Amino acid sequence: MANMEMTGKKIADGEFPVERGKIREFASAICDPNPVYRDREYARGKGFKDVLMPITFPGTFTFYLGSENAVMEMMETLDMDAGKSVHGSFEVIYERPVCAGEPLRMEVVVGRIYQKEGKRGGAMTFVEMDIRFYDAEDKLALTVRNEFIERG
């Protein structure tokens, strides 16, 4: 069962590069033809400094944590049983738009951990993981909130 004492603890951190080429590749992968993700001049014409980062692009944060098994390692740190766990939700909370070329620093912080009784019996443990992205001025630019559910 997830360790309830981990709430509020930072369990990982790293740099998150926001590169124009990676934004273009991501936009292609999600089949979004919007030129604001591909054309710098078009994005500037819309009031952005450079091409805009797609809304769900920060979900690629795991590629920058230094391990191919980063999520599994975080679950182990929390004493979660991966065999009894599922990904429950993914939410992106923007404080402002983020454009290519901005250096971001990220921190993975354990959010709320709480339990609910399951409909088929047994307690389910919900674990929120907040990935906070800070800009060069150390201001919060966005948060990605993942929720994991561990069956009892």
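Every chain's residues receive numbers from 1 upward, in the order its sequence appears when written. Given that this is a predicted model, residues contribute local features only at a pLDDT of at least 70 and side-chain atom pairs are listed and counted only at 80 or more, while totals for whole chains, interfaces and linings are drawn from all residues. In computing side-chain properties, one takes all heavy atoms of the structure into account and sets aside hydrogens as well as water.

### Re the pattern of salt bridges
As a reminder of what qualifies: Throughout this description, the term salt bridge denotes a Lys or Arg side-chain nitrogen within 4 Å of a carboxyl oxygen of Asp or Glu. Here a helix means four or more residues in a row that DSSP labels H or I, a strand means two or more in a row labelled E, and each is numbered from the N terminus. Each residue is assigned to one of three classes by its accessible area relative to the maximum for its type, calculated with a 1.4 Å probe on protein chains only: buried under 20%, partly exposed between the two thresholds, exposed over 50%.
Evaluation of the coordinates by the stated rule reveals 14 salt bridges. Taking the shortest distance from any N to any O, the salt bridge between D50 and R40 comes out at 3.5 Å. Highlighted residues: D50 in the loop between α2 (40-45) and α3 (70-77) and R40 in helix α2, separated in sequence by ten residues. Residue R40 is classed as partly exposed on the basis of its relative accessible area, which comes to 31%. Between E102 and R96 there is a salt bridge, with the nearest N and O atoms lying 2.7 Å from each other. Of the residues examined, R96 reaches a relative accessible area of 27% and is grouped as partly exposed.

### So, helix α1 (residues 20-29)
Rule in force here: Relevant arc is that of directions from the helix axis to the C-beta atoms, nothing else.
By the burial criterion, the buried members of α1 are I23, F26 and A27. The buried side chains of α1 occupy one side of the element, clustering within an arc of 100° when seen end-on. Of the residues flanking the end of α1, it is C31, one or two places downstream, whose phi is positive at about 60°.

### Points about the pairing of strand β5 (residues 140-150)
Under the convention used in this document: Strand pairing is assigned whenever DSSP identifies at least 2 bridges connecting the two strands.
With nine of eleven residues buried, β5 is to be regarded as a mostly interior element. Sheet topology note: the strand β2 (residues 85-94)/β5 ladder contains nine bridges and is antiparallel. Residue pairing in the sheet places H87 in a bridge with F148 of β5. Judged from the ten bridges that link them, strand β4 (residues 123-134) and β5 form a sheet pairing that is antiparallel. Along β5, the bridge assignment pairs F126 with I149. What sits between β4 and β5 in their antiparallel hairpin is a turn of five residues, with D138 showing a positive phi close to 65°.

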